[in-house]
Amino acid sequence: MTTTTTCDDSQAALKRQFDRVAESDGLVERRLSIGGRQVCLKFAGQSLLRRLMPALDHHPEGSGQAELTIHFWDSATPPVEYSLAEWTGLQSVIRPVDDACWTLIEPGIGLFSRLTQDGNAFVCCRNGDELPVWESAVPLRSLLNAWFAPQGSVVHGAAVGNDQTAVLLAGVGGSGKSSTALTCLAEPDLYHLGDDLVMLTNDSQPLVNSLYNSAKLLPDNLRRFSDLSLSVNPNLPRNPEKETYFLFPQFAEKLAMQRPLKAILLPRVSGEAQTSLVPATQAEAWHAIVPVTLTLLGGTRPENIQSIVEIIKRVPVYRLNLGSDRSGIAPIIRQVLDGLETEAGASS
């Protein structure tokens, strides 16, 4: 349904909807620092708070004036100018109301997101208690991606680092990103920044920023990490095909928020015993990052893609050939983090 509602009009209507629910169900406010920027989360009621906060709980408490304020509420009624057919349909809708708004509707899961240029965002859900667990693992990914443009972009990849720098692990599902990141989690001198999605920002030096403390593993891979005693959130639904684990607060001291990006590593299972590192091209990095990222995010802006391209040009890219002897993975990653890539080119 097409209307002539302006962004200002719809924003006021959204705020009224939120206020009505907050008045009846209560208001909970959380302030976080995400990627070094201050974000205020306002929840009307408890359902979305329970579903969305576990993956974000590792972020430090924000201070000072919020750069972004996100309003959350549940509503069986379509938000503002949208029809019931749009709200209950299956096809995602990306609708730029005008230059001042970014809007994404995901009727399949009953989620509406709008970002405005004045530092406000609105997230309405048909029923927060029915939000799928995969959405709880990586909440707000499309909205945060739109907000960070043009300074950066959410990307599909894991990230690990030491106390100085980090590397991005990029590749399609099954390439070994998650297992490599969790292998490093067990190392006393290495830190975890993300398992599935992280934020890259194109500053004077490219930075990788943590977004979520969630990690997803296939049952077969879980057995290899039994020593970590990973735990699920009992308040969230389970997915036995690929379980979601939350690393906070259990591994709080191992979770880093931000590091300079040292290199991009493209992991793959080599079939060899030893892990090795070989140079790769910027084109390989693009193909490992951009297509999958676009499938996971709705409403990606051209500025997001441009920032990814620029960052790829600024850091070295390597193919990480993962050996069956997993004890050799962390030493190779340490060499890259320490700037000893030429030595790392040999098998560990």
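A short tour of the structure in this document, coming up.

## Focus: the side chain of Thr 165
Looking at the secondary structure, you find Thr 165 in the loop between strand 9 (158-161) and strand 10 (166-169). Judged by relative accessible area, Thr 165 falls into the buried class, the value being 12%. A distance of 3.3 Å separates a polar atom in the side chain of Thr 165 from the backbone oxygen of Leu 337. Once residues within four sequence positions are removed from consideration, Thr 165 is found in contact with Arg 259, Pro 260, Lys 262 and Leu 337.

## Description of the pattern of salt bridges
Two side chains of opposite charge can pair, provided their charged atoms sit close to one another. Tallied over the full model, the rule gives 11 salt bridges. Between Asp 19 and Lys 15 there is a salt bridge, with the nearest N and O atoms lying 3.0 Å from each other. Taken together, the positions of Asp 19 and Lys 15, both in helix 1 (residues 7-25) and 4 residues apart, correspond to about one turn of that helix. With a relative accessible area of 33%, Asp 19 lands in the partly exposed category. Residue Lys 15 is classed as partly exposed on the basis of its relative accessible area, which comes to 33%. Of the charged contacts, one joins Lys 216 and Asp 196 as a salt bridge, the two residues approaching to 3.4 Å between their closest N and O atoms. Remark: Asp 196 occurs in the loop between strand 11 (191-194) and strand 12 (197-201) and Lys 216 occurs in strand 14 (residues 214-217); sequence separation between them is 20 residues. A single burial state applies to Lys 216 and to Asp 196, both of which are buried. Bridged by salt links that share partners, the residues Glu 187, Asp 189 and Arg 334 form one connected network.

Thresholds, definitions, all that
Residues numbered from 1 in each chain as written. Predicted model: local features only at pLDDT ≥ 70, side-chain atom pairs only at ≥ 80, totals over all residues. Heavy atoms only, no water. Helix = DSSP H or I, 4+ residues; strand = E, 2+ residues; numbered from the N terminus. Buried < 20%, exposed > 50% of the residue type's maximum accessible area, 1.4 Å probe, protein only. Polar contact = N/O pair within 3.5 Å; in protein donor to acceptor, adjacent residues only side chain to side chain. Contact = heavy atoms within 4.5 Å. Salt bridge = Lys/Arg side-chain N within 4 Å of Asp/Glu carboxyl O.

Keep in mind these values describe shape, not function.
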